[in-house]
Amino acid sequence: MPTIVKTEVLVIGAGPGGYVAALRAAQLGKKVVVVERDKPGGTCLNVGCIPSKALITAAKLVDKIREAGEMGITVEGLKVDFARMQAWKEGVVGKLTGGVKQLLKAAGVTLVTGEARFVSPRAVEVVGTTEPTRIEFDACIVATGSRPVQVPGFAFDGKRVVDSTGALAFAKVPDRLCVIGGGYIGLETGTAYAKLGSKITVVEMTEHLLPGTDPDLVTIVERKLKKKGVAVHLKTRAKGFEDAGGALRVAIEAEGHASGPSTVECDAILVTVGRAPVTDTLDLARAGVKTDAKGFIPVDEARRTNVPHIYAIGDIAGGPMLAHKAYREGEVAAEVIAGKKSAFDPRCIPAVIFTDPEIAYAGLSEPEARAAGRDVLIGKFAFSANGRALTAAETDGFVKVVVGREEHDILGVAIVGPEASDLIAEACLAIEMGALVPDVALTIHAHPTLSETVAEAVRAAVGEALHAAAKPSR
Ligand code: FAD
């Protein structure tokens, strides 16, 4: 006989979606059990956002030191102890995942380690626990996340042909790394390794790096990548690879013709062509929960599935696969279960790409605003005209703002430049609050700071930037 556990709320998966849902449900007085088959923290804390940003930051520091000659700083014999860098990165991960465990414990949430599968609309069985366990619930929140998509001909071996998890765990910096897929994970990881000394080649099937991102922003990043010696092959397909006596030889084919190189020699291959939802291992049919053709679980504003007491959040629920989107969805599902009026209806979900320079955007792009029937003004402000950017020697990029021509409401902000990842927060608040141009323009921004660029770009949209001769588009 399995051990039977009864709970008000069962959460499956303790990634950003699941652990936040559990904390919020417990905060609202619910009895909560979380089942996690691996370590708490999910993809984000263990093998995603956090370890990648640790590596990116360490690599950036190495690069900054190398480029600091102009400031009168020269470091002779700069050495990278990669094993130590990796250990530091794992230490950061450990602190955060340990913190999640503590938070769950402090909130009175029961954490069960094992893999859950539905056996009915009201119960799961958990395997991998010391004894078979059946958990019966009043409401369930499914938050099982995503996994990397495989490319035929490039089976992961965890050492030389790797997904993002493998690339973040390399034992040594590969001399030559071929990155298949020019999306954000490939470029972030590739840039970090380029700064640590790898010769990087990016192979991307579409005509732009970072497909789906405003090409205006991408151009700045692409220029910098090339400056760092990164080779980029666009409209090119990776077909397979062979072991060429130690090195790996990747066969590539440019769209339409074979004018470019037909092979890339490398020591490791990173395949980052997208992620797929983890819904196929849950026996969802036994709970009656439907998925779409790609395996995502359709949900309503409350994150309810077609089975009203079962909710789905995070990467499995469709939309952008981002930790902060999962966080908010987790809160919403927990609040609805606790009887609160809550809905997932953000005006914007920021997207951040930790390339060099960083990219961040929120709200509508110019084409999106026009497609939505809005007549718009565009304001732009370059970091090269900002005092703080100059003092930080990081002047590449700009802030671009889309505002309504008549209403002067802030519809969207896109940033490519230093600390774009943090600067976008002001834009999100402005969009979420329905701010107008004067709301941002009349807010005093501290000087000298990068944040002044956001205010100047907003002013530029109405022809009132003070530190640039920018004009509004007419
Ligand atoms: P996950 O974090 O994937 O968590 C799901 C959890 O469910 C996992 O712990 C898994 O073990 C568990 N699980 C699955 N099935 C079962 C089962 N049957 N029983 C029990 N447990 C189960 N996002 C950002 O916002 N910013 C970034 O900078 C960023 N960088 C990234 C970098 C990389 C390299 C990668 C791969 C991803 C990155 N992401 C980033 C995306 C982010 O990690 C995900 O969007 C986020 O983790 C999704 O959260 P989630 O809760 O939906 O799922």
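Asks: Please clarify how the overall build of the protein chain should be interpreted in this entry.
Replies: Of the regular secondary structure elements, the protein chain holds 13 helices and 22 strands. Here the C-alpha atoms of the protein chain give a radius of gyration of 24 Å, agreeing with the 23 Å that 2.2 N^0.38 yields for 474 residues. For the protein chain, the spread of C-alpha atoms along the three principal axes comes to 70 × 65 × 45 Å. Evaluated residue by residue, the protein chain yields a buried proportion of 50% over its 474 residues.

Asks: What am I meant to see in the sheet that holds strand E13 (residues 247-254) here?
Replies: The strands making up a sheet associate through hydrogen bonds between their backbones, and the pairing can be parallel or antiparallel. Strand order across the open sheet formed by three strands is E12-E13-E14, with antiparallel pairing between neighbours. Looking at which strands have only one partner, the edges of the open sheet turn out to be strand E12 (236-244) and strand E14 (263-266). The sheet shows a mean angle of 25° between the axes of neighbouring strands, direction not considered. One ladder, built from four bridges, connects E13 with E14; its direction is antiparallel.

Asks: Would you mind going over the state of the cysteines with me for this structure?
Replies: The term disulfide refers to a covalent linkage connecting the sulfur atoms of a pair of cysteines. In total, this model carries one disulfide according to the counting rule given. A disulfide bridge connects Cys 44 with Cys 49, and the sulfur atoms are separated by 2.4 Å. Because the torsion about its S-S bond is -125°, the bridge between Cys 44 and Cys 49 counts as left-handed. Cys 49 sits in the partly exposed class, given a relative accessible area of 28%. Left without a disulfide partner, Cys 266 is nearest to the cysteine sulfur of Cys 178, which lies 5.0 Å away. Cys 428 provides the cysteine sulfur closest to Cys 348, a residue in no disulfide bond, and the two sulfurs are 4.2 Å apart.

Asks: Hey, could you run me through the packing of aromatic side chains in this one?
Replies: Each aromatic ring pair is characterised by the separation of its centres together with the angle its planes make. All chains considered together, the criterion is met by five aromatic pairs. The interplanar angle of 75° and the centroid separation of 6.2 Å between the aromatic rings of Tyr 19 and Tyr 327 together place this pair among those described as edge-to-face. Linking Tyr 19 in helix H1 (residues 16-27) with Tyr 327 in helix H8 (residues 323-337), this pair joins segments that are 308 residues apart in sequence. According to the relative accessible area criterion, Tyr 19 is buried, its value standing at 10%. By relative accessible area, which is 30% here, Tyr 327 ends up partly exposed. Aromatic pair Phe 170 and Tyr 193: ring centres 5.5 Å apart, planes at 65°, arrangement edge-to-face. Taken together, the residues span a long stretch of sequence, with Phe 170 in the loop between helix H5 (164-168) and strand E9 (176-180) and Tyr 193 in helix H6 (residues 184-195) at a distance of 23 residues.

Asks: Could you clarify how one ought to interpret the pattern of salt bridges in this entry?
Replies: Between side chains of opposite charge, pairing is possible as soon as their charged atoms come close. Per the counting criterion, the structure on display carries 34 salt bridges. Linking Asp 356 and Lys 224 is a salt bridge whose minimum nitrogen-to-oxygen distance equals 3.1 Å. With Asp 356 in the loop between strand E18 (351-353) and strand E19 (358-363) and Lys 224 in helix H7 (residues 215-227), this pair connects stretches of sequence that are 132 residues apart. For the pair formed by Asp 356 and Lys 224, the shared burial category is buried. Between Arg 303 and Glu 329 there is a salt bridge; the shortest N-O distance is 2.6 Å. Placement of Arg 303 in the loop between strand E16 (275-277) and strand E17 (310-312) and of Glu 329 in helix H8 is noted, with a sequence separation of 26 residues between them.

Asks: Explain helix H11 (residues 420-432) to me, please; I cannot follow it from the model alone.
Replies: Think of an α-helix as 3.6 residues a turn; residues three or four steps apart then line up on the same face. Over its 13 residues, H11 runs 18 Å from end to end, which matches the ideal 18 Å to within 8%, given 1.5 Å per residue. Looking at the packing, one finds that the buried side of H11 touches E18, E19, strand E22 (410-417), helix H12 (437-441) and helix H13 (452-461). The positive-phi residue at the C-terminal boundary of H11 is Gly 434, with phi of around 65°.

Asks: Is there a simple way to think about the sheet that holds strand E15 (residues 268-271) in this case?
Replies: In space, the five strands of this open sheet follow the order E8-E15-E9-E10-E11, with parallel pairing throughout. The strands lining the two open edges of the sheet, one partner per strand, are strand E8 (161-162) and strand E11 (231-233). Two strands pair when backbone bridges link them, and E9 and E15 are joined in this way by four bridges, in the parallel orientation. Note that in E15 the partner of Cys 178 across the bridge is Ile 269. Here H6 sits on the sheet in contact with E9, strand E10 (199-203) and E15, set at roughly 165° to E10.

Asks: Before we go on, may I ask you to explain unusual backbone geometry in this structure?
Replies: Note: most peptide bonds trans; most residues except glycine with negative phi. Residue Pro 357 is bonded to the preceding Asp 356 through a cis peptide linkage, with omega at -5°. Of note, Pro 357 is situated in the loop between E18 and E19. His 447 connects to Pro 448 through a cis peptide bond whose omega is -10°. Relative to the helices and strands, Pro 448 resides in the loop between H12 and H13. With a phi angle near 50°, Asp 283 is a residue other than glycine that sits in the positive phi range. The residue Asp 283 is located in the loop between E16 and E17 in this model. Residues other than glycine seldom take positive phi values, yet Glu 419 does so here, at roughly 55°. In this fold, Glu 419 is placed in the loop between E22 and H11.

Basis of the calculations
Residues numbered from 1 in each chain as written. Predicted model: local features only at pLDDT ≥ 70, side-chain atom pairs only at ≥ 80, totals over all residues. Heavy atoms only, no water. Helix = DSSP H or I, 4+ residues; strand = E, 2+ residues; numbered from the N terminus. Rg over C-alpha atoms; globule rule 2.2 N^0.38 Å. Buried < 20%, exposed > 50% of the residue type's maximum accessible area, 1.4 Å probe, protein only. Pairing = 2+ DSSP bridges. Axes fitted to C-alpha atoms, helices over the stretch in contact; angles between N-to-C directions. Disulfide = S-S within 2.5 Å. Phe/Tyr/Trp six-rings, centres within 6.5 Å; stacked < 30°, edge-to-face > 60°. Salt bridge = Lys/Arg side-chain N within 4 Å of Asp/Glu carboxyl O. Expected span 1.5 Å × (residues − 1). Contact = heavy atoms within 4.5 Å.

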